[in-house]
Amino acid sequence: MDKGSDEKRAKAVEETDGEPLVDYQGRSNPYIDYQSVDLLHSLQHLRSDGYDEMCFYIMGQTKELLFRGLHMELVNARDQITKDDVPNALEILTRCKAYVDHITDTWSVLGTITSSGFNQFRDHLSTASGQLSYMYRHVEFVLGNKDERLAAAHRNVPHVWPALKESFESPGLYDEVLRYLQRQGYQIDSSVLDRDWTQGYTSSESVKDAWLKVYGLPSSDNLDYQLAEKLISLDEAISVYRWRHFVTVHKIIGFKPGTGGSAGVGWLENVTKHRFFPELWEIRDNL
Ligand code: HEM
């Protein structure tokens, strides 16, 4: 593909009199080539005649791409924190929350699938389930929700497992935020700063005290306060996502077991209780 430039675009406008270009040679056009659009549209391999399967399939694939975009931003936010670049991290976290809000809205579309519509293709899923989404698992891991059992589902997939294993064994975003707080002079217990990263994070009194100090100055110039508020808003947004999943699934399959082997709605309801940054919630009683 030729690279464009301001000059080339100005020349094209002159030649077309302001109308879009339509005269392409060869067997493709630059839009198709740039985003592999034809390839993308060849990836819907439906397994049934059920009308709702296309909706389910498209929203599932859409969510996978959005999880990927979100994951990239979360990793980048973590990198900015390791460099003490809080202003940049704040901007990236704003985008992360926008991603989550967008992903949450996919439930509005999926919620139009009726129980009978879902039943028309459900058996074709076999034991396929969103809980096997490795990109979602990456998102959970960079946010610090480590679960060895759920990670293990990907051990046999050679092109997926190495990156997921690395993510499982690495510090998450919040771990790096707590190290940053320590560098800023807050007293954080060493057991928090250097621990087995494969274990899920559990609340610490030293972290609670540090956040309480940060919240002592709730102003726009206090970057640590701004960071805390961004983090809790992200956590809140993901909780809303989980809650909408749970309610939508309740509406579609009631209390029937999930395709992935779990008890279904009961299991999903339980995961809605998870919070990534527990102390930011706990200190609310004292603010
Ligand atoms: C609309 C129909 C859907 C139903 C009825 C449904 C149902 C369920 C159920 C019952 C579970 C629990 C695990 C199991 O399968 O046993 C689950 C987990 C999960 N589903 Fe869905 N789901 C639906 C759509 C989706 C879509 C389109 C996605 C996006 C990729 C998705 C992502 C997930 C994820 C990531 C989990 C694991 C949650 C976690 O680890 O916290 N689901 N789903």
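Values in this document were obtained by computation on a predicted structure and should not be read as measured data.

Novice: Explain the overall build of the protein to me, and be specific about the residues and the numbers.
Specialist: Tallying secondary structure elements over the protein gives 15 helices and zero strands in all. Seen through its principal axes, the protein has C-alpha atoms that stretch 65 × 55 × 35 Å. The proportion of buried residues among the 287 residues of the protein is 25%. Long-range pairs, those at least 24 residues apart, make up 70% of the contacts in the protein between residues at least 6 apart in sequence.

Novice: With reference to specific residues and values, describe the nonpolar core.
Specialist: The nonpolar side chains of soluble globular proteins are, as a tendency, buried together. Formed by 40 residues in total, the largest nonpolar core has its most connected members in Leu 74, Ala 77, Cys 96 and Val 177. Residue assignment for this core shows that the elements contributing at least two residues are α4 (53–82), α5 (86–110), α7 (134–142), α9 (161–169), α10 (173–183), α12 (205–214) and α13 (223–253). If you tally residues by element for this core, the top one is α5, at seven residues.

Novice: Tell me about α12, residues and numbers included.
Specialist: Of the positions making up α12, those classed as buried are Val 207, Ala 210, Trp 211 and Val 214. Take α12 and look down its axis: the buried residues cluster within an arc of 95°, on one side only. Each element contacted by the buried residues of α12 is listed here: α10, α11 (190–193), α13 and α15 (278–282).

Novice: An account of unusual backbone geometry is requested, with residue identities and associated values reported.
Specialist: Unusually for a residue other than glycine, Asp 17 sits at a positive phi of about 60°. Among the structural elements, Asp 17 can be located in the loop between α1 (6–16) and α2 (30–34). Phi at Ser 36 takes a positive value of approximately 50°, unusual for a residue other than glycine. Summarising the element assignment, Ser 36 is placed in the loop between α2 and α3 (37–40).

Novice: Can you lay out the site of the ligand for me, pointing to particular residues and giving the numbers?
Specialist: Residues in close proximity to the ligand total 25 residues, the closest being Ser 129, Gly 130, Gly 258, Gly 260 and Ser 262. Of all elements in the fold, only α4, α13 and α14 (265–271) reach the threshold of two or more residues within the shell around the ligand. At five residues, α4 tops the list of elements feeding residues into the shell around the ligand. Residue composition of the shell around the ligand, grouped by class: 11 nonpolar, 12 polar and two charged.

Novice: Help me get a handle on the domain arrangement of the protein, residues and values and all.
Specialist: According to the domain assignment, the protein contains domain 1 (1–43) and domain 2 (52–286). The C-alpha centroid of domain 2 is placed 38 Å from the C-alpha centroid of domain 1.

Novice: I'd like a rundown of the packing of α5 against α13, residues and numbers included.
Specialist: Viewed as axis vectors pointing N to C, α5 and α13 meet at an angle of 15°, and their least axial separation amounts to 9 Å. In terms of orientation, α5 and α13 fall into the roughly parallel class. The two elements α5 and α13 cross, and the hand of that crossing is left-handed. Residues that form the contact of α5 with α13 fall into these classes: 17 nonpolar, five polar and four charged.

Novice: Run through α1, naming residues and quoting values.
Specialist: Counting buried residues in α1 gives zero out of 11 residues, a small share hidden from the surface. Asp 17 occupies a position one or two residues after α1 and carries a positive phi of about 60°.

Novice: Give me the lowdown on the packing of α4 against α7, citing residues and values where you can.
Specialist: Interaxial distance between α4 and α7 falls to 9 Å at its minimum, and their mutual angle equals 25°. When the axes of α4 and α7 are compared, the pair comes out roughly parallel. As α4 runs across α7, the sense of the crossing is left-handed. Together, Glu 64, Phe 67, Arg 68, Leu 70, His 71, Leu 74, Val 75 and Arg 78 of α4 and Met 135, Tyr 136, His 138, Val 139 and Val 142 of α7 make up the contact between the two elements. For the contact of α4 with α7, the per-class residue count stands at eight nonpolar, two polar and three charged.

Novice: Tell me what's going on with the environment of Asp 84, and back it up with residues and numbers.
Specialist: Mapped onto the fold, Asp 84 is located in the loop between α4 and α5. On the basis of neighbour count, Asp 84 is assigned to the exposed category, with 12 C-beta atoms found within 10 Å. Here the alpha-carbon distance between Asp 84 and Val 177, two residues 93 residues apart in the chain, equals 9.1 Å. Discounting residues that sit within four places of it in the chain, Asp 84 has contacts with Tyr 180 and Arg 183.

Novice: Now, about the environment of Gly 111: what can you tell me, with residues and values included?
Specialist: Structurally, the position occupied by Gly 111 is in the loop between α5 and α6 (115–119). Spatially, the C-alpha atom of Gly 111 lies 20 Å from that of His 124, the residues being 13 residues apart in sequence.

Reading the values: the criteria
- Residues numbered from 1 in each chain as written.
- Predicted model: local features only at pLDDT ≥ 70, side-chain atom pairs only at ≥ 80, totals over all residues.
- Helix = DSSP H or I, 4+ residues; strand = E, 2+ residues; numbered from the N terminus.
- Buried ≥ 20, exposed ≤ 12 C-beta atoms within 10 Å, placed from the backbone.
- Contact = placed C-beta atoms within 7 Å.
- Core = buried A, V, L, I, M, F, W, Y, C linked by C-beta atoms within 7 Å.
- Arc of directions from axis to C-beta.
- Near = placed C-beta within 6 Å.
- Nonpolar A, V, L, I, M, F, W, Y, C, P; charged D, E, K, R; others polar.
- Domains from an automatic or database assignment.
- Axes fitted to C-alpha atoms, helices over the stretch in contact; angles between N-to-C directions.
- Parallel < 35°, antiparallel > 145°, perpendicular 65-115°, else oblique.
- Left-handed = near helix turned anticlockwise from the far one by under 90°.

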